[in-house]
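Results of the structural survey
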Amino acid sequence: MALYSEKVMDHFMNPRNVGIIENADGVGEVGNARCGDIMKIYLKIENDIIKDVKFETFGCASAIASSSMATELIKGKPVSEALTLTNKAVAEALDGLPKHKIHCSVLAEEAIKKALDDYNSKK
Ligand code: FES
C-alpha cells in the first residue's frame, strides 16, 4: 500500500487556501518542537461565520495536506462548529495518515483552535 492516500497527495500537491489574510480576525500559530514544523492559520469571520481562511505551513507533506483539508472543513462554518474540529476528522477526511504522521494533523487542529481563541479574545 502506498504510504499516502490519493487525497493526501492531492492536497499536498495542490493545497487549498494557501496564503495570508491581511487584518485577519483571528490568527493562530503553532509548532512542533520535535520536527520543527510550523503552521499559521488566518481567519476572516463575519457574524460568527468563517468567511475565509488561509494558511502558511512550513512543514512536511502531511502537515501541508492537513492544513489544506482542515481549512476546507471549516470554511463557511460557524465558529462553534469549527471549534469542534478534531485532528481525527482531518485525518479521516484525508483517507487516513500513516501512524507516525498523525501529529501533523494535530498541528492543524491546534492552529485552528488558537486562531479561534484569538478571535474570541478580541471580541
Ligand atoms: Fe511534523 Fe509533519 S513531521 S508536522
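To keep things clear, this report deals only with the structure shown in the data block.

**Regarding the overall build of the protein chain**
When helices and strands are tallied, the protein chain shows five helices and three strands. Since a compact globule built from 123 residues should have a radius of gyration of about 14 Å, the 13 Å found for the protein chain is in line with a globular shape. The principal-axis extent of the C-alpha atoms belonging to the protein chain is close to 45 × 25 × 25 Å. Long-range contacts, defined here as pairs at least 24 residues apart, represent 61% of the contacts in the protein chain between residues at least 6 apart. Here the protein chain has roughly 6,400 Å² of accessible surface; of this, 53% comes from carbon and sulfur atoms. Taken together, the 16 basic and 18 acidic charged side chains of the protein chain have centroids lying 2 Å from each other.

**Focus: helix α2 (residues 61-74)**
Across its 14 residues, α2 extends 20 Å between first and last C-alpha, which sits within 8% of the 20 Å expected from 1.5 Å per residue. For α2, the buried fraction is high: twelve of the 14 residues fall into the buried class. Those residues of α2 that sit buried are Ala61, Ser62, Ala63, Ile64, Ala65, Ser66, Ser67, Ser68, Met69, Ala70, Thr71 and Ile74. For α2, the secondary structure elements touched by its buried residues are α1 (6-13), β2 (38-46), β3 (49-58), α3 (79-82), α4 (87-93) and α5 (102-122). Looking one or two residues beyond α2, the residue adopting positive phi is Gly76, at roughly 80°.

Rules used in this analysis
- Residues numbered from 1 in each chain as written.
- Predicted model: local features only at pLDDT ≥ 70, side-chain atom pairs only at ≥ 80, totals over all residues.
- Heavy atoms only, no water.
- Helix = DSSP H or I, 4+ residues; strand = E, 2+ residues; numbered from the N terminus.
- Rg over C-alpha atoms; globule rule 2.2 N^0.38 Å.
- Contact = heavy atoms within 4.5 Å.
- Areas by Shrake-Rupley, 256 points an atom, 1.4 Å probe, with all protein chains shown as cover.
- Lys, Arg positive; Asp, Glu negative; His and termini not counted.
- Charge placed at Lys NZ, Arg CZ, Asp CG, Glu CD.
- Expected span 1.5 Å × (residues − 1).
- Buried < 20%, exposed > 50% of the residue type's maximum accessible area, 1.4 Å probe, protein only.

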